[in-house]
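Here is what each chain is made of, one letter per residue.
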Amino acid sequence: MFLSVLDLFKVGVGPSSSHTMGPMVAAARFLDALRAAPFTAHGLRGSLHGSLAFTGVGHATDRATILGLAGFSPDSYDADAAEDTLAQIRATARIEAPGLGPLHFDPETDLVFDYGPALPGHANGMILMATDAQGDVILRETYYSIGGGFVMTGAELAAGKDTDDGPPVPYPFKSAAEMLAMAASSGKTVAQMKRANEVSRIGADRLDRGIARIWEVMNDCIERGLAHDGTLPGGLNVRRRAKAIHEKLLAERGMNLTAPHVINDWMSTYAMAVNEENAAGGQVVTAPTNGAAGVVPAVIRYWLDHVPGASAARLDEFLLTAAAIGGLVKYNASISGAEAGCQAEVGSASAMAAAGLCAVLGGTPEQIENAAEIALEHHLGMTCDPVKGLVQVPCIERNGLGAIKAVSAASLALRGDGQHFVPLDAAIETMRQVGADMHEKYKETSLGGLAVNIPNC
């Protein structure tokens, strides 16, 4: 099992990796298929199913799909150009698809929100179609957005293509138990094994450039979030709070009477800054998803700014360790809120951040595994119930609490010798089972939980 750190941490656009980035990527893939097809298309149509339908408007799924069909991609998204393009499509009922010419597409009628049963492969399903001059379908493809911006066709999902099928890597661990056994036999750390796997596939130069880019975008996102205030879009009138809290924290620095627990506010503010930017449709890094994008960068920023001896030179160790844990969770369970609730998003992110922090604080492989387990165990059962389908309430604050749990989990693990009662593999399997048993109204559909218990929403 191999999942690259550069795939798990992807530069993209808010508010959702599965509901915004995924559909945009799926639309781009459909354009590629259409260019390769021996047909002449005159129009485009599509339908959104399952969670993509129920929370699609709040997650900007319709916008993302349309923009993907117009040639936009998450990693190079231009907000101003996107608005101009959407306005033109609405005015002309036509998409200028790159390499395909003008295609008829009326956003009001040609993209359908289907609130019936979900498609069989995954809770996040969509169908895209191309039509001829008479309106008959000449090409049709089903796509699933399986979390974290990862997209698969129905055929790929059925064939098991969500698992790695590339050339062998030096340390092919697919469970935490195998990871610990390989660490013990090789004498290498988790990060060293992960680096060896990455280098065998993509080379050292691309890896190092990619990791540097990941942190650059993460940190820039924190800074933008700390600099902006105002009200978030979507109709809930949620106010940005990170900037004001950060200013108060800066004013209190150096005061002798500051309570020790205020460090939690620093962690929360870093995380909230990221998720406020995500909610506003800004550029973020999936970590492992957009809805959980604040946890890992918040813990890194806490480590760099508040922990004595921290060094940016060890960022690769943090992110490689975190990616190793994230890969295990995705391979053996899920990182999709629509599939397993928020335990799969913020819970996974907290486990990844706990492992990364434990690593750079000198933890052994056993302590790293313990840190990840503690963080994941104490997110088990967490529902995904965004109010009005927006990635705002409870998502923004939840990232702050996920960061706090990650730091606490790493600290607890470092106080021990790595021996503990519940293995990480058991926690991951439990998360998978809980996700399978969880009622769909608690899995990113906004049909239950907080989403239906907030007045006037």
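So, how was this worked out
- Residues numbered from 1 in each chain as written.
- Predicted model: local features only at pLDDT ≥ 70, side-chain atom pairs only at ≥ 80, totals over all residues.
- Heavy atoms only, no water.
- Helix = DSSP H or I, 4+ residues; strand = E, 2+ residues; numbered from the N terminus.
- Rg over C-alpha atoms; globule rule 2.2 N^0.38 Å.
- Buried < 20%, exposed > 50% of the residue type's maximum accessible area, 1.4 Å probe, protein only.
- Contact = heavy atoms within 4.5 Å.
- Areas by Shrake-Rupley, 256 points an atom, 1.4 Å probe, with all protein chains shown as cover.
- UniProt positions renumbered as here; feature names shortened; annotations may be inferred.
- Phe/Tyr/Trp six-rings, centres within 6.5 Å; stacked < 30°, edge-to-face > 60°.
- Lys NZ or Arg CZ within 6 Å of the ring centre and 35° of its normal.
- Domains from an automatic or database assignment.
- Buried area = accessible area lost by both parts, 1.4 Å probe.
- Polar contact = N/O pair within 3.5 Å; in protein donor to acceptor, adjacent residues only side chain to side chain.
- Salt bridge = Lys/Arg side-chain N within 4 Å of Asp/Glu carboxyl O.
- Core = buried A, V, L, I, M, F, W, Y, C linked by side-chain atoms within 4.5 Å.

Draft legend 1. Region of the structure containing the overall build of the protein chain. Tallying secondary structure elements over the protein chain gives 19 helices and nine strands in all. A compact globule built from 457 residues would reach a C-alpha radius of gyration of about 23 Å, and the protein chain, at 22 Å, matches this within 12%. Seen through its principal axes, the protein chain has C-alpha atoms that stretch 70 × 50 × 40 Å. Here the protein chain, with 457 residues, has 55% of them falling under the buried criterion. Contacts in the protein chain between residues far apart in sequence, at least 24 positions, make up 74% of those at least 6 positions apart. Carbon and sulfur atoms make up 52% of the accessible area of the protein chain, which amounts to about 18,100 Å² in all.

Draft legend 2. Summary view of the UniProt feature "domain: Serine dehydratase beta chain" (unreviewed entry) in the protein chain. Per the UniProt entry, the sites bearing "domain: Serine dehydratase beta chain" (unreviewed entry) are residues 4-154 in this numbering. Along residues 4-154, the helical share is 34% and the strand share 30%, with 23 Å between the first and last C-alpha atoms.

Draft legend 3. Highlighting the environment of glycine 50. Considering the arrangement of structural elements, one finds glycine 50 in strand β2 (residues 43-50). Glycine 50 gets classed as buried once you look at its relative accessible area, which sits at 5%. Along the backbone, glycine 50 and arginine 63 are 13 residues apart, and their C-alpha atoms lie at a distance of 17 Å.

Draft legend 4. Highlighting the packing of aromatic side chains. This structure, assessed with the given rule, holds five aromatic pairs. Centroid distance tryptophan 266 to tyrosine 270: 6.1 Å. Interplanar angle 50 degrees. Geometry classified as tilted. Of this pair, tryptophan 266 and tyrosine 270 both sit in helix α11 (residues 263-279), four residues apart, which is roughly one turn of that helix. On the accessibility criterion, tyrosine 270 (1% relative accessible area) is buried. One cation-aromatic arrangement involves lysine 330 over phenylalanine 150; the distance from NZ or CZ to the ring centre is 4.5 Å.

Draft legend 5. Inspection of the domain arrangement of the protein chain at higher detail. We note that the domain assignment places domain 1 (17-159) and domain 2 (176-442) within the protein chain. Using C-alpha coordinates to define each centre, domain 1 is positioned 30 Å away from domain 2. Facing 15 residues of domain 1, the contacting portion of domain 2 comprises 15 residues. Across the interface of domain 1 and domain 2, roughly 1,100 Å² is buried in total on both sides, 60% from carbon and sulfur atoms. Across the contact surface, domain 1 and domain 2 share three residue pairs in polar contact (both at pLDDT 80 or more). For the side of domain 1 that touches domain 2, the element with the most residues is helix α2 (residues 17-36), which contributes three residues.

Draft legend 6. Structural context of the pattern of salt bridges. The tally for this structure, following the rule as stated, stands at 17 salt bridges. A salt bridge links aspartate 316 to arginine 195, with the shortest nitrogen-to-oxygen separation between them at 3.1 Å. A residue pair is termed long-range when its members are at least 10 positions apart, and aspartate 316 in helix α13 (residues 315-332) and arginine 195 in helix α8 (residues 190-202) qualify at 121 residues. In this structure, arginine 432 engages glutamate 429 in a salt bridge whose closest nitrogen and oxygen atoms are separated by 2.7 Å. Residue arginine 432 and its partner glutamate 429 are both found in helix α18 (residues 424-437); the two are separated by three residues, about one turn of the helix. Residue classification places arginine 432 among the partly exposed residues on the basis of a relative accessible area of 37%.

Draft legend 7. Inspection of the environment of arginine 415 at higher detail. You can see arginine 415 is positioned in the loop between α17 (395-414) and α18. Its relative accessible area of 75% is what places arginine 415 among the exposed residues. For the pair arginine 415 and glycine 363, spaced 52 residues apart in sequence, the C-alpha separation works out to 9.7 Å.

Draft legend 8. Structural detail: unusual backbone geometry. Across the junction of glycine 14 and proline 15, the peptide omega takes the value 10 degrees, indicating a cis bond. Relative to the helices and strands, proline 15 is located in the loop between β1 (11-13) and α2. Of note, the bond from valine 393 into proline 394 is cis; its omega dihedral lies within 30 degrees of zero at 10 degrees. Within the secondary structure, proline 394 is located in the loop between α16 (365-377) and α17. Of note, the phi angle at asparagine 237 is positive, near 60 degrees, even though the residue is not glycine. Mapping asparagine 237 onto the fold places it in the loop between α9 (204-227) and α10 (242-252). Phi is positive for glutamate 444, close to 60 degrees, though the residue is something other than glycine.

Draft legend 9. Quick look at the nonpolar core. By size, the foremost hydrophobic cluster in this structure holds 107 residues, and its most contacted members are Phe9, Met218, Val296, Ile325 and Leu357. Sorting elements by how many residues they give to this core places helix α15 (residues 346-360) first, with eleven residues. Counting residues domain by domain, this core receives three or more from each of domain 1 (17-159) and domain 2 (176-442). Setting aside its immediate chain neighbours within four residues, leucine 357 contacts Val299, Tyr302, Trp303, Phe318, Val407 and Ala410. Counting 33 residues, the second-largest nonpolar core is a separate cluster that includes Leu34, Leu86, Ala130 and Leu139.

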